Structure formats: structure tokens, C-alpha cells
Amino acid sequence: VRVNTIAPGWMWGPGVEMFCEHTAARRGVDPEVVRAEIAANIPLGEIPTDDACAGAIVYALSPLAVAMTGQVIHVNGGEYFG
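Computed from a prediction, not measured in an experiment: that's the story for all the values here.

## A closer look at the packing of aromatic side chains
Then, in step 1: Evaluated as defined, the whole model comprises one aromatic pair.
Then, in step 2: Summarising the aromatic geometry, the rings of Trp 10 and Phe 19 are spaced 5.4 Å apart at their centres and angled 45° between planes, so their arrangement reads as tilted.
Then, in step 3: Under the relative-accessibility criterion, Phe 19 is labelled partly exposed at 38%.

## Quick look at the nonpolar core
Then, in step 1: The biggest cluster of nonpolar side chains holds eight residues, and these are Val 16, Cys 20, Ala 24, Val 34, Ile 38, Ala 39, Ile 42 and Ile 47.
Then, in step 2: With residues up to four places along the chain from it excluded, the contact list for Ile 38 reads Trp 10, Phe 19, Cys 20 and Ile 47.

## Quick word on helix α1 (residues 14-27)
Then, in step 1: Along its 14 residues, α1 runs 20 Å from first to last C-alpha, staying within 8% of the 20 Å computed at 1.5 Å per residue.
Then, in step 2: Taken together, the buried positions of α1 are Val 16, Cys 20, Thr 23 and Ala 24. An end-on view of α1 places all buried positions within 100° of arc, on one side of the element. In α1, the exposed positions angled more than 90 degrees off the buried face are occupied by Pro 14, Gly 15, His 22, Ala 25 and Arg 26.
Then, in step 3: The secondary structure elements touched by the buried residues of α1 are α2 (31-40).
Then, in step 4: Backbone geometry just downstream of α1 places Gly 28 in the positive-phi region, at approximately 75°.

Quick notes on the rules
- Residues numbered from 1 in each chain as written.
- Predicted model: local features only at pLDDT ≥ 70, side-chain atom pairs only at ≥ 80, totals over all residues.
- Heavy atoms only, no water.
- Phe/Tyr/Trp six-rings, centres within 6.5 Å; stacked < 30°, edge-to-face > 60°.
- Buried < 20%, exposed > 50% of the residue type's maximum accessible area, 1.4 Å probe, protein only.
- Core = buried A, V, L, I, M, F, W, Y, C linked by side-chain atoms within 4.5 Å.
- Contact = heavy atoms within 4.5 Å.
- Helix = DSSP H or I, 4+ residues; strand = E, 2+ residues; numbered from the N terminus.
- Expected span 1.5 Å × (residues − 1).
- Arc of directions from axis to C-beta.

If you want it as C-alpha cells, here you go:
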């Protein structure tokens, strides 16, 4: 039995875009300001995309990961080092 998981952090997609828009409207700033604040706390400097997380999932399900079990793959641009 293989049991692995993906632990995403912020993921740039519709949900985070909407969060940035609502937060920006509440604060009276441009949504890019909110996005930049989030990205500033991520060591790679960018919010990972939904596709980046999907790539990690594809890997974990592929034959390349056949000997991997009990692992957590953090897809978060380095925001959390586990």
C-alpha cells in the first residue's frame, strides 16, 4: 500500500484570485498589492499555480514514485519547510 499526500500552500487559481480581489476591495487597494504581499512571504517569490500542484500529484501517482510511501510533498514555493 502506498500512502502519499500533497500539501499545497497558496495556489494561484480562481480561489486565491477571488480572495485577492475581495481583500483588495475591502482594503481599497489594487488586487496586485494583495497578491504581492502573499508572494513576498514565499521564498521563491511567486504563488505556485494550480498546475504546479497538479504536476506533483501526477508524479506521486506515476511509476516514477513506485518506491515512495508515507511522504508529504509540499508544493508551496518554500513557504513551509516540513
